[in-house]
Protein chains: 2
Amino acid sequence: MVGTARKITPTKPVPSDIEIAQSVSIQPITKVAQAAGILPEELITYGTTKAKVSLKVRDRLKSSPDGHLVIVAGINPTSLGEGKSTTTIGLSQALGAHLDKNVFTCIRQPSQGPTFGIKGGAAGGGWSQVIPMDDFNLHLTGDIHAISAANNLLAAAIDTRVLHERNQTDEALFGRLCPLNPKDGSRRFGRNMFGRLRKLGITTNDPNQLNPEEISKFVRLDINPDTIQWNRVVDVNDRYLRSMTIGKSPTEKGYLRDTSFDITVASEIMAILALATSLKDLRDRLGRIVVAESRSGDLITAEDLGVAGALTVLMKDALMPNLLQSLEGTPTFVHAGPFANLASGNSSVVADQLALKLVGSDGFAVTEAGFGSEIGLEKFVHLKCRLGGVKPSVIVLIATVRALKMHGGGPPVAAGVPLPSVYTEENVELVQKGFANLKRHIEHAKLYGVPVVVCCNRFHSDSERELECIVRLSKEAGAFDAVVSNHWEEGGKGAIDLGNAVINATTAPDKNFQFVYNDNESLRKKIETIATKVYGADGIEISEQAAERLDMYERKGFGQMPVCIAKTQYSLSADASLKGAPQGFVLPVREVRLSAGAGFVLAICGSIQTMPGLPTRPSYYDVDVDTETGRVIGLM
Amino acid sequence: MVGTARKITPTKPVPSDIEIAQSVSIQPITKVAQAAGILPEELITYGTTKAKVSLKVRDRLKSSPDGHLVIVAGINPTSLGEGKSTTTIGLSQALGAHLDKNVFTCIRQPSQGPTFGIKGGAAGGGWSQVIPMDDFNLHLTGDIHAISAANNLLAAAIDTRVLHERNQTDEALFGRLCPLNPKDGSRRFGRNMFGRLRKLGITTNDPNQLNPEEISKFVRLDINPDTIQWNRVVDVNDRYLRSMTIGKSPTEKGYLRDTSFDITVASEIMAILALATSLKDLRDRLGRIVVAESRSGDLITAEDLGVAGALTVLMKDALMPNLLQSLEGTPTFVHAGPFANLASGNSSVVADQLALKLVGSDGFAVTEAGFGSEIGLEKFVHLKCRLGGVKPSVIVLIATVRALKMHGGGPPVAAGVPLPSVYTEENVELVQKGFANLKRHIEHAKLYGVPVVVCCNRFHSDSERELECIVRLSKEAGAFDAVVSNHWEEGGKGAIDLGNAVINATTAPDKNFQFVYNDNESLRKKIETIATKVYGADGIEISEQAAERLDMYERKGFGQMPVCIAKTQYSLSADASLKGAPQGFVLPVREVRLSAGAGFVLAICGSIQTMPGLPTRPSYYDVDVDTETGRVIGLM
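Residues numbered from 1 in each chain as written. Chains lettered and ligands numbered in written order. Predicted model: local features only at pLDDT ≥ 70, side-chain atom pairs only at ≥ 80, totals over all residues. Heavy atoms only, no water.

The name an unreviewed UniProt entry gives chain A is formate--tetrahydrofolate ligase, with Gracilariopsis chorda as the organism. Under the Pathway (unreviewed entry) heading, UniProt states for chain A: "One-carbon metabolism; tetrahydrofolate interconversion." (UniProt positions renumbered as here; feature names shortened; annotations may be inferred.)

A. Up close: the sheet that holds strand S22 (residues 591-595) of chain B. All names here are of chain B. An order of S20-S23-S22 is seen for the three strands of this open sheet, with the pairing classed as mixed. The two strands at the open ends of the sheet, each matched to only one other strand, are strand S20 (563-566) and S22. Adjacent strand axes in the sheet meet at a mean angle of 25°, parallel and antiparallel pairs treated alike. As paired strands, S20 and strand S23 (residues 600-604) are joined by four bridges and run parallel to one another. By the bridge assignment, Ile565 is partnered in S23 with Ala603. (Pairing = 2+ DSSP bridges. Helix = DSSP H or I, 4+ residues; strand = E, 2+ residues; numbered from the N terminus. Axes fitted to C-alpha atoms, helices over the stretch in contact; angles between N-to-C directions.)

B. Structural detail: the state of the cysteines. Residues and elements named next belong to chain B. On inspection of all chains with the given rule, the structure shows zero disulfides over all chains. Lacking any disulfide linkage, Cys385 is separated from the closest cysteine sulfur, that of Cys106, by 12 Å. Lacking any disulfide linkage, Cys456 is separated from the closest cysteine sulfur, that of Cys455, by 6.7 Å. Judged by relative accessible area, Cys456 falls into the buried class, the value being 1%. (Disulfide = S-S within 2.5 Å. Buried < 20%, exposed > 50% of the residue type's maximum accessible area, 1.4 Å probe, protein only.)

C. View of the packing of aromatic side chains. All names here are of chain A. Summed over the entire model, instances satisfying the criterion amount to 14 aromatic pairs over all chains. Centre to centre, the rings of Phe189 and Phe218 are 5.4 Å apart; their planes meet at 80°, and the pair counts as edge-to-face. Residue Phe189 is found in the loop between helix H8 (170-177) and helix H9 (194-199), and its partner Phe218 is found in helix H10 (residues 212-219); the two are separated by 29 residues along the sequence. As far as the burial class goes, Phe189 and Phe218 line up, both buried. (Phe/Tyr/Trp six-rings, centres within 6.5 Å; stacked < 30°, edge-to-face > 60°.)

D. Region of the structure containing the interface of chain B and chain A. Each partner contributes to the interface: chain B provides 81 residues, whereas chain A provides 81 residues. Summed over both sides, the interface between chain B and chain A buries roughly 7300 Å², with carbon and sulfur atoms accounting for 62% of that surface. For the chain B face of the interface with chain A, the top three residues by lost area are Tyr240(B), Thr616(B) and Tyr621(B), together amounting to 12%. We note a salt bridge from Arg283(B) to Asp624(A), for which the minimum N-O separation is 2.9 Å. Our enumeration of links across chain B and chain A arrives at 50 residue pairs in polar contact (both at pLDDT 80 or more). Of the residues that constitute the side of chain B that touches chain A, the class distribution is 38 nonpolar, 24 polar and 19 charged. Pairing geometry for strand S8 (residues 244-246) of chain A and strand S8 (residues 244-246) of chain B, over three bridges, is antiparallel. Bridging from a neighbouring strand, Ile246(A) pairs with Met244(B) of S8(B). (Contact = heavy atoms within 4.5 Å. Buried area = accessible area lost by both parts, 1.4 Å probe. Salt bridge = Lys/Arg side-chain N within 4 Å of Asp/Glu carboxyl O. Polar contact = N/O pair within 3.5 Å; in protein donor to acceptor, adjacent residues only side chain to side chain. Nonpolar A, V, L, I, M, F, W, Y, C, P; charged D, E, K, R; others polar.)

The structure is reproduced here in structure tokens:
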């Protein structure tokens, strides 16, 4: 066994997740780090079981070869999920504790909203989990809090600037932005004023050199309040904040505005955290965030507001991946958790980069891609791989008998209601019919020129014939291999076949990684390519307003950016009710937005809810602390 | 020298705060902790320069004697502040690095709002600072973020509950709160439902035993939306959130509500953090928070909503004080930062308790009380000492020549405008006139039966005659001692006289610590006692609405609680323009509120702003990161 990998002894029937998580002794995170090749000075511990890892690791190992990058993606899931995180962890445990490979797991940090809402905690499941699960599900090291703080400082800066510009002359604004030193008549620019000055073509460093026209351009962003696209955030399921009118205090002098709060993980700053490649890159991206347009149509950025430096200060520690461990001792990076529709849906570029260096040429970095492969995997490739310069060696596609039955025509599956019997009794025909969905995902994954391994994530009620059917059809559809995996019940031992399939896939001769579209295609063409080649649509239909904005983005020089499509995860199409392998549909692009900081153009297909609500019985009804021991109870 | 105390070599002219903070080598926090008597298993490090300290320290040392508690309070300040934090740190440095005493400093954690707004960073100043100052001013270990998360989860729980009750029958609510297990017909209460059940007098643990009337009482909190007194919070100066209408999304079905966001440090949860004495006490206080009234006038608590356990989970790490160090190596607890008007204005009870145990019988815990002594010191005594069972040995009162001149009739002092010349030129007469304010604070402090040491915090432009005048008059007014201190310029060395005065005061024979009012007086009487004995008012004037509520609180059993008066810090009265020692005024009590979780009745005198705004030129214009080194620049 390598490093801190260790075999555990899973018990049956499988206890609750929190019982399992608290039954296993946790190894000191310093030991996990040391065994993973992280130097003491590269580790910032937060207590004894979690730590941040400096990006200096990457610099130190820059001439070392990368390990194998394994992307774990899935088919279109049911609303209960098909175990992607659990499989990512189970596969890692198989590789590390049973197949003697260096391995790192890379997963996302969950939002606290769902933790106290409908979902409860999530850190894998059964005998494939990341620990400590309470830290994982709660503050961890504060990255999401840092995003809330930065996001909301920027929001306050926008509205307050509008107010101050409304109520002050150019001279008054200038006098306050660059106050006169009464002793010598000098004025001085703030450090973060130079971004806007240079954008305006003003090259002097002395405020007294500005002429009245330059002063006016410098002090007056002239934001059109109707174009403000920056929402405030909280990491709470608070549906009452979906739409509101702010500024109603008399102190705001009648400048009312309608706006919204999103959940924090929907912030563009989360998208940036997931894609930034260095502190410098983070600083630049935060400065490029477009928050609104001026009345004359200029794009107003965080740099124009002079706040990007402060945002970076708030985010600088968050840029370092968080190190935890799995039940079987796999070092695990938990880092970033962007929405898979509004953003990349994957953990961070830097976590993958660090993991690939740390595992070395024969090792494996196993990383999860959110939602179905047509969303998570597509974005992994076109957003993360492109930016981070990393290439996948193997793509794992997760399928379940349950989800395939649903795609084959089974009744709806929903949380909180008993599962219809078709899902618990053998029905090979339904599985076979539903395979059409998995087939499309296999075909999609193969577009990237990387071997595809199908993993049937075994549930208790699955029959051998059902599972065998999926394995056989997957191989016929061109999968490099297809195996059944039982890691929820058995931990890494249950995923040994999957581990071997992944190891074998790295030796496949036909690897020729490629993108599905190129940077220099038009934005419209990029959307169309994803719709037709990845989703299987006949074409796209762009609303007039969206088309205008795409033209505008091209004109303003954003045409080279990749696109990020926001759509439902429950269908290959934008219509959640179209199961299986829908055909003859058109992808409707309702709205497009610019995420200039994250570095993509967002195409919104269908309605996307960016603020969840709490159910009548939220999971917080069961969560408490044992006040004697300090132990968290009822998180799952 | 004791522990990690060390002498430094201050340079003149005094460099900027951040230059000083970054010029001094920082000692590993593990070393600071060890030298302070904290065991490794009691320390939770966050990187190498900050840590949390377990309350187990207190249990381990419970039979050891406490050290001397020194409260540092002040006169009514100018808007520039008179250096209370700086003096607290400077005095500690004198005691530790120059007078060979065991010493601990206890100060508040600042809000990030002012840090990026008008104030810039604050961690003392000059050669009396806490380091690292960027951590101190930013996320630190996430306590304030935890408060935001808990506060806003509770807010979401309130509004969502109102929505669900509006749209569902008793049966539907019951069915969702205690879902039927279709296999055996059983139902189960969630762990956090028992608080409400017991309050209703329902003793069964089986939901199926409830009769329809009990079901209705259990499921229907029947909150009157007009009585909701729980605001949401962000730790940002965001004036547009002072007043708003929420719930405007169609998904909320027309249930609109006007509400406000406060800055996080104004949350009752911050007040609770500062006063909680154990994890159990924290859990109980969070459960007791009153969020609204029912339509029949019952007080609805966080426990009724079933969310108090989750709030405790979010707050459990925040309850442990944060350990940092001063420039001269003093171990420093930075913990809690409640508003001095809405709450106690002091750092936490547990930080003081731990510090007193750790310094031992001959040692000193130096702790700061916010605002003028009539607010910070009064609340320290009646809220903190009463709850925490700690007694002060010495009270230090800070005065400055500048503030006394203002009280003597000098022109207004404001940030961002040059100081009028009367403040920079000798004027003993004005100081003498303004002494009336300090005299009142000395008389107030002496009410508690503890020796009072006056500290003149020396500024560059002060003349010897001005300082001598303050010293002389202070002694005449009954101060145990009065000394001039120069710790801003010289560090601990500059506060040696102050340190000796404090040490001598501990030997004063006449110590007889007492409260100014007793628990069993009526709420109205408590307010009156503070107004007349502490503020020097002729009496109080209570609005009709406030009087009704005081009666109601007495009826509902909250009459034993202490009161917490919210008023301006700039005058002994509730009118900021009344300087010096105002007489013949009446304290107007506009509104009273119940902070049942924090454990006091709030009496609001005058208008209190709970959400600051950003100025035209916020301090974030200068804040950035050096992207090569990761170092924060421009924070001060």
